[in-house]
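Chain by chain, the residues:
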Amino acid sequence: MTNTRRMAHPRTIALGLVALDVGASVLVFNLMNHFRGVAGANEIEVLRFAAPIIAMMAATYLIQGYHARTDMLKVDYASQHTIALAGAMLATLLLTYAVVPPGYELAPQSSRIVIGLSFLVLVPLTLTYRRLVYLRIIASRGERSLVFLGDPASRETFRAECERMHMSQRVIFTVVNAEPSAPDRELGLFHEVLEEIENHRLDVEAIVLRETARELTPEISRRLVQLYFAGVPTYTLELFHQVYWQKIPLYRLNQTWLFQEGFEIAREPVFERIKRASDVVLALFGLVLATPLIAAGALAVWLQDRGPIFFAQTRVGKNHVPFRVFKLRTMRVSPVEVTGDALYTLPDDARITRVGRFLRATRLDEFPQLWNVLRGDMSLIGPRAEWERLVLIYENEIPCYHFRHLVKPGITGWAQVNYPYGGSIGDTLRKLEYDLYYIRHFSFLLDATIVLKTIHVILFGKGR
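### Re the packing of helix α11 (residues 269–305) against helix α12 (residues 354–362)
At step 1: The geometry of α11 relative to α12 is characterised by a closest axis approach of 9 Å and an angle of 155° between their N-to-C directions. On the basis of their axis angle, the class for α11 and α12 is roughly antiparallel. Where α11 crosses over α12, the two elements pack in a sense that is left-handed. Here Gly297, Ala300, Val301 and Gln304 of α11 lie close against α12, whose contacting residues are Arg354, Val355 and Leu359.
At step 2: Grouping the amino acids of the contact of α11 with α12 by side-chain chemistry returns 4 nonpolar, 2 polar and 1 charged.

### Considerations on the confidence of the model for the chain
At step 1: In this model, the chain carries an average pLDDT of 82, and 82% of its residues clear a pLDDT of 70 or more.
At step 2: Segment residues 1–5 is flagged for pLDDT under 50; beyond a separation of four residues in sequence, or across chains, it makes 13 contacts in the model.

### Digging into the pairing of strand β3 (residues 204–209)
At step 1: Here β3 lies mainly inside the structure; 6 of its 6 residues are buried.
At step 2: Here 5 bridges tie strand β1 (residues 145–150) to β3, and the two strands are oriented parallel to one another. Looking at β3, one finds that Phe148 is bridged to Val208.
At step 3: Sheet analysis places β3 next to strand β4 (residues 234–236), joined by 3 bridges and oriented parallel. Paired with Val208 across the strands is Tyr235, a residue of β4.

### Describing the packing of helix α1 (residues 10–35) against helix α2 (residues 50–62)
At step 1: Running from amino to carboxyl end, α1 crosses α2 at an angle of 145°, the nearest separation of the two axes being 10 Å. Where α1 crosses over α2, the two elements pack in a sense that is right-handed. Of the residues in α2, those touching α1 at Val18, Asp21, Val22, Ser25, Val26 and Phe29 are Pro52, Ile53, Met56, Met57 and Thr60.
At step 2: Grouping the constituent residues of the contact of α1 with α2 by class yields 8 nonpolar, 2 polar and 1 charged.

### Here we look at empty space enclosed by the protein
Which parts of space are left empty comes out when a probe the size of a water molecule is rolled across the atoms.
At step 1: Applying the stated rule across the entire model yields 2 cavities of 30 Å³ or more.
At step 2: Reported here for the second largest cavity is a volume of approximately 40 Å³.
At step 3: For the second largest cavity, the full set of lining residues is Val316, Gly317, Lys318, Pro383, Arg384, Arg404, His405, Val407 and Pro409.
At step 4: Partitioning the lining of the second largest cavity into residue classes produces 4 nonpolar, 2 polar and 3 charged.

### Some details on the side chain of Asp435
At step 1: Looking at the secondary structure, you find Asp435 in helix α16 (residues 425–440).
At step 2: Once you skip the residues sitting within four places of it in the chain, Asp435 turns out to touch Pro383, Arg404, Ala415 and Gln416.

### Observations regarding a nonpolar patch on the surface
At step 1: Among the surface-exposed residues, Val451, Ile455, Leu459 and Phe460 lie close enough to one another that they form a single nonpolar patch of about 370 Å² accessible area.
At step 2: Looking at the element boundaries, Val451 is found in helix α17 (residues 444–460).
At step 3: When its relative accessible area of 40% is taken as the criterion, Val451 is described as partly exposed.

### Some remarks on the pairing of strand β6 (residues 322–328)
Across a regular strand the side chains alternate sides, sitting on one face of the sheet and then on the other.
At step 1: When strand β5 (residues 310–316) meets β6, the two strands line up antiparallel, connected through 7 bridges. Looking at the pairing, Phe311 lines up with Lys327 of β6.
At step 2: Counted along the chain from β5 to the antiparallel partner β6, the turn is 5 residues long, and its residue Asn319 has a positive phi close to 60°.

### Details of helix α7 (residues 218–229)
At step 1: Here α7 contains 12 residues, and its C-alpha end-to-end distance of 17 Å stays within 8% of the 16 Å for a straight helix at 1.5 Å per residue.
At step 2: Inspection of α7 places Ile220, Arg223, Leu224 and Leu227 among the buried residues, and these make up the whole buried set. The buried residues of α7 all sit within an arc of 100° when viewed along its axis, so they share a single face. Away from its buried face by more than 90 degrees, α7 exposes Pro218 and Phe229.
At step 3: Of the residues one or two after α7, Gly231 is the one with positive phi, at around 105°.

### Notes on the pattern of salt bridges
At step 1: The final tally for this structure, using the stated rule, is 18 salt bridges.
At step 2: We note a salt bridge from Asp377 to Arg375, for which the minimum N-O separation is 2.9 Å.
At step 3: Through salt bridges with shared partners, a single ionic network connects Glu161, Arg164, Lys247, Arg430 and Glu433.

### Here we look at the packing of aromatic side chains
At step 1: Considering all chains together, one arrives at 15 aromatic pairs under this definition.
At step 2: When the centroid spacing of 6.2 Å and the interplanar angle of 35° are considered together, the rings of Phe158 and Trp245 count as tilted. Taken together, the residues span a long stretch of sequence, with Phe158 in helix α5 (residues 152–164) and Trp245 in helix α8 (residues 237–245) at a distance of 87 residues. A single burial state applies to Phe158 and to Trp245, both of which are buried.
At step 3: Counting every residue linked through ring pairs, the aromatic cluster contains Phe148, Phe158, Tyr235, Phe240, Tyr244 and Trp245.
At step 4: Positioned over the ring face of Tyr244 is Arg69, at 3.9 Å from the centre of the ring.
At step 5: Sitting over the ring of Trp302, Arg306 keeps its end group 4.5 Å from the ring centre.

Rules of the game
Residues numbered from 1 in each chain as written. Predicted model: local features only at pLDDT ≥ 70, side-chain atom pairs only at ≥ 80, totals over all residues. Heavy atoms only, no water. Axes fitted to C-alpha atoms, helices over the stretch in contact; angles between N-to-C directions. Helix = DSSP H or I, 4+ residues; strand = E, 2+ residues; numbered from the N terminus. Parallel < 35°, antiparallel > 145°, perpendicular 65-115°, else oblique. Left-handed = near helix turned anticlockwise from the far one by under 90°. Contact = heavy atoms within 4.5 Å. Nonpolar A, V, L, I, M, F, W, Y, C, P; charged D, E, K, R; others polar. pLDDT = per-residue confidence, 0-100. Buried < 20%, exposed > 50% of the residue type's maximum accessible area, 1.4 Å probe, protein only. Pairing = 2+ DSSP bridges. 1 Å grid on protein atoms, 1.4 Å probe; cavity = no way out; pocket = protein on both sides within 12 Å on 5 of 7 lines; lining within 4 Å. Points joined across faces, edges and corners; volume = space filled by probe spheres on them. Patch = residues over 30% accessible without salt bridge, like charges linked within 9 Å, V, L, I, M, F, W, Y side chains within 5 Å. Areas by Shrake-Rupley, 256 points an atom, 1.4 Å probe, with all protein chains shown as cover. Salt bridge = Lys/Arg side-chain N within 4 Å of Asp/Glu carboxyl O. Expected span 1.5 Å × (residues − 1). Arc of directions from axis to C-beta. Phe/Tyr/Trp six-rings, centres within 6.5 Å; stacked < 30°, edge-to-face > 60°. Lys NZ or Arg CZ within 6 Å of the ring centre and 35° of its normal.

Quick look at the structure:
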């Protein structure tokens with residue numbers, strides 16, 4: 001095992017990116033200010049541009065643009081970054097010209113142009129130095145490893161999940177045998193791995209421990225604690241799932257888990273009322289804007305085959321209460337018998353009309369669900385509302401599936417923006433992991449993150 005250069009601490013990277021963003025924003029806003037003749041050649045403004053700078057940094061934070069583990073070389077990140085900064089620009093303009101009283105420093109017409117031009121420059125500029133920083137991070141990582149300590153079964157499960165999640169780190173698997181009488185060769189290997197870490201001959205991303213640590217000897221426990229205080233990240237298997245992959249592993253679920261750890265904030269009356277109020281306001285606003293689009297889509301559906309315009313189906317909502325969901329119809333009036341695979345909409349499904357394919361691709365078929373939001377059946381953001389027939393199947397085959405009914409279903413959600421539409425029990429299991437993460441970690445910041453990711457999904461036709 002060779003020695004490698006140690007990567008800068010994630011907090012150092014985050015602070016560095018924050019400093020770059022502040023510096024770049026102040027520079028660009030002032031250059032545009034001078035270019036438009038709003039300020040003199042020797043004037044440098046900082047406080048004047050506090051609002052757009054804060055908005056830009058908040059939007060960047062929501063898409064994890066300050067996180068060392070975010071792959072900033074991906075096209076998906078570039079899209080989300082662009083959308084985030086565009087949202088920050090619109091928020092700044094709305095705040096400045098619709099909310100802030102006249103006379104505020106950014107009120108002149110020329111300053112609107114300054115803001116617009118500045119954000120147009122900041123998008124490629126901030127993306128460029130983020131790519132350079134990420135390339136430097138990759139170069140400094142060398143061959144970083146994950147060290148896993150657990151039983152053979154959990155080891156294989158973790159190996160498969162790392163492959164599915166495209167983890168670039170090398171994984172060193174060490175096993176604590178569950179049977180005390182069994183040979184403890186793997187435990188000896190773990191002693192060797194710990195020694196390599198302690199002597200800085202092995203660069204470790206993290207140490208991952210299976211949940212139960214009863215097999216750990218006092219000596220290993222002591223050394224793990226020392227490494228943790230020395231700055232080596234150490235996670236339980238469940239916490240690793242949540243920190244790295246932002247989902248809850250289903251293996252951890254049982255009928256008593258809810259009562260042990262709970263999802264208090266998602267069901268707190270104060271938060272429920274705030275979320276409900278925001279749902280009503282935004283759904284009303286959305287319906288006003290979407291009415292022409294819904295009308296155009298409805299006309300197209302009717303002209304296609306002169307059939308019904310809307311599709312209605314019974315879905316399961318919060319606390320397992322059924323309700324009727326409304327969408328623009330995208331399938332033929334008399335589809336094939338609903339058996340087997342017909343329970344799911346498949347790629348190139350023959351039941352989907354030509355108009356329906358367009359409506360699905362643009363998500364226009366989802367807009368009538370805003371009425372369900374106004375009625376209180378749904379929220380704008382939450383787990384997908386599933387057909388009652390599928391829920392019956394899932395609850396029989398997936399333990400703890402009913403946990404997702406702790407909150408209202410949503411038009412979009414954490415699972416929808418992180419996992420593509422699937423037509424199998426396996427896909428449902430994967431999406432349930434994301435749904436439970438959302439329920440457990442609900443916050444308005446997470447909702448704002450989902451909104452930005454939803455825009456990306458709509459623009460690029462991913463997920464469903």
